[in-house]
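Structural overview
Single-letter residue listing:
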Amino acid sequence: GRKRSRREMEAESPVAARLGEPSGKSARKRLELPRDAEPGSPEAVGRCSRLCSRSGAAGAACPALTLCPLPAQEDVAELRHRLQRMKVPGQVPSVPSGTSSDLRSRLERVQQLELRIRQRRAGPAGDSGAAAPAGEAGEKPPAYQRFHSLAQDLSPGLTLPYKFRVLAEMFRSVDTITGMLFNRAETVTFAKVKQGVQDMMRRQFEERHLGQIKAVYPGSYRLRQEKNIPTFGSGKKSDYQLTLEPVLGEEEKVDGRPHLSASRLLERWREFHRNLVNIVREHHRAFLAALSPPMVVPEEKLTRWHPRFNVDEVPDISPAELPRAPQEDRLSTAQEVLSTARGMLSPKMEKALANLALRTAGAGAGEPAPAKAPAPASTSSALRGVSQGLLERIRAKEARRLQALLTRDARQEERAALLARLPAMARVLRSVFVAEKKPALSMELLCARLADSCPELVAPGEMEKHVRLFAELLPDWVGIHALRTDTYVKLDKEKDLGLVTERLNKAAKEAGAL
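In this text, all values refer to a predicted model and were calculated from it rather than measured experimentally.

Each value, and the rule that gives it
- Residues numbered from 1 in each chain as written.
- Predicted model: local features only at pLDDT ≥ 70, side-chain atom pairs only at ≥ 80, totals over all residues.
- Heavy atoms only, no water.
- Salt bridge = Lys/Arg side-chain N within 4 Å of Asp/Glu carboxyl O.
- Buried < 20%, exposed > 50% of the residue type's maximum accessible area, 1.4 Å probe, protein only.
- Helix = DSSP H or I, 4+ residues; strand = E, 2+ residues; numbered from the N terminus.
- Axes fitted to C-alpha atoms, helices over the stretch in contact; angles between N-to-C directions.
- Parallel < 35°, antiparallel > 145°, perpendicular 65-115°, else oblique.
- Left-handed = near helix turned anticlockwise from the far one by under 90°.
- Contact = heavy atoms within 4.5 Å.
- Nonpolar A, V, L, I, M, F, W, Y, C, P; charged D, E, K, R; others polar.
- Pairing = 2+ DSSP bridges.
- Core = buried A, V, L, I, M, F, W, Y, C linked by side-chain atoms within 4.5 Å.
- Phe/Tyr/Trp six-rings, centres within 6.5 Å; stacked < 30°, edge-to-face > 60°.
- Lys NZ or Arg CZ within 6 Å of the ring centre and 35° of its normal.

As a further point, take the pattern of salt bridges. Tallied over the entire structure, the rule returns 22 salt bridges. Between E186 and R184 there is a salt bridge; the shortest N-O distance is 3.3 Å. On the basis of relative accessible area, E186 is assigned to the partly exposed category, the value being 31%. The closest approach of N and O atoms between K192 and E186, which form a salt bridge, is 2.9 Å.

This is the structure we're talking about:
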């Protein structure tokens, strides 16, 4: 009647019976190996170890030892040796020969791509340092400065380059600020003027610009270096500062002291503008003298620049020298040191300084002067075989046409503009008479119809000038008749329009409009 323990029951039942025969008394699962798992394989050993850990038979004999024998001692040693080899850094298991070449090619390609990326990253940074001095030395101005004269919505005339117009605005700003300070009996320093000009123009103003103003208009200011001038906001006396004083006449005084009035400011600006135009005239005169054949145009008759003269490429104005603050004598060369300290140094030191001075003088004298490269002769292969006399006649005719163009006044310019519109307006004029079905129309009605029909925006008052020019050039086609208080225009509709257009084109070409 005694209840048996689990250990006694396990001892009585053999292991083979438990594994091979089913038993209803025991609820323990049987260990069934898959058919593909052979005894002694690592898979079987692993499953046996998991089963033993679940059954709690730690330290006891594995019930499946007969089916899962442990690996031999030689196999264990070989596994340990392989693990040690894999742990050593730098040792990689051997790769088949077929894949090693492919890996090497891919590795080389990756290295090349990495090298390109590094070069691209280092390129802009490396080039900027080398290109900075070159850009500062000869920086190309932007297009809105190089073609400033072409973009002006003005009638062609003696226009100024962009940099000259900026300099003229700087002079106006300097004169305005100087006049305010001068009329308040305040000392005008360059620091005050610089700050005011930069606030007005939103661009930098340096001493170089003041030197250019002095070069263009020498009698505008009297420049000096003065000392002990109070600075902004403090009573401290400063070192030498550049001061400006406008040059005025004796008659320009208010209450006994000189006064810079608004009318005088306008006169000074006009004088500065005239000086700028004269500078461009000198470059234009040199350009005309270099043409083939050379052209000579009187300065008082010149109304516009030559069509091939690029105004915006006129060289910049060289700034005049400004007064500098007096400096103490400083020794900068070996010769100055030797002449100053002669007799105070040892003979060996004097000899060394004399040799250094001789070497410096010899190096300065031995440097060759930079020679300018000769300009290449301009030869045109398209003109080979053409008679020289014919070329000279064509060039002389072109020179005469350009000279007439450069000396044309405002009235001739207006007439040329009217003549340029007449060929296209002739067809519109005839269409108006055909649509109205009348042989004559009043001037007011005709001008209104022409202003509505022409593609160009022209006022009716300007249309009357065109109609009267039609009557002047083609009296047999257009006639103007004044009857009492009205003026009527009569048109010959039977006239060939092609012949009329041809005559108008010829007149416009003679006037230089086309």
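From this point on, the discussion continues.
One non-glycine residue, A185, lies in positive phi territory at about 60°. Even without a glycine there, the phi angle at N228 is positive, about 60°. Here N228 shows up in the loop between β1 (221-226) and β2 (241-246).

In contact at an axis separation of 10 Å, helix α14 (residues 410-436) and helix α15 (residues 443-453) are set at 120° when each is read in the N-to-C sense. Of the possible angle classes, the one that applies to α14 and α15 is oblique. Between α14 and α15 lies a crossing of right-handed hand. Judged by residue contacts, V428, L429, V432, F433 and E436 of α14 engage L446, R449, L450 and S453 from α15. For the contact of α14 with α15, the per-class residue count stands at six nonpolar, one polar and two charged.

When you line up the elements, R281 lands in helix α10 (residues 262-289). With sequence-adjacent residues up to four places away left out, R281 is seen in contact with L158, E299, L302 and W305.

The next thing to look at is the pairing of strand β6 (residues 478-483). Where β6 and strand β7 (residues 486-491) come together, six bridges link them in antiparallel fashion. Counterpart to I480 in the pairing with β7 is V489. Where β6 folds back onto β7 in an antiparallel hairpin, the turn is made up of two residues, including R484, whose phi is positive at roughly 55°.

Moving on, we come to the nonpolar core. Ranked by internal contacts, the top residues of the largest apolar core, which has 44 residues, are F205, L244, F272 and L276. Going through the elements one at a time, α7 (162-183), α8 (190-201), α9 (207-216), β1, β2, α10 and α13 (388-406) are the ones with two or more residues in this core. It is α7 that provides the largest number of residues to this core, a total of 10 residues. If sequence neighbours within four positions are ignored, L276 has contacts with L160, F164, L167, A168, V216 and I317. One finds L441, C447, M463 and W477 within the second-largest nonpolar core, a separate group that totals 31 residues.

Looking at chain direction, strand β5 (residues 440-442) and β7 are connected through three bridges and run antiparallel. Pairing of A440 across the sheet is with K490, part of β7.

Summed over all chains, the structure comprises seven aromatic pairs. Residues F171 and Y217 carry aromatic rings whose centres are separated by 6.0 Å and whose planes lie at 50° to one another, so their mutual orientation is tilted. Within this pair, whereas F171 is found in helix α7, its partner Y217 is found in the loop between α9 and β1, the two being separated by 46 residues in sequence. Exposure class is identical for F171 and Y217. Each is buried. Plain terms: the ring middles of F171 and Y221 are 6.4 Å apart, the flat faces sit at 65° to each other, and that makes the pair edge-to-face. With F171 in helix α7 and Y221 in strand β1, this pair connects stretches of sequence that are 50 residues apart. Each member of the pair, F171 together with Y221, is buried. Here R172 stacks its cationic end above the ring of W269, 4.4 Å away from the centre of that ring.

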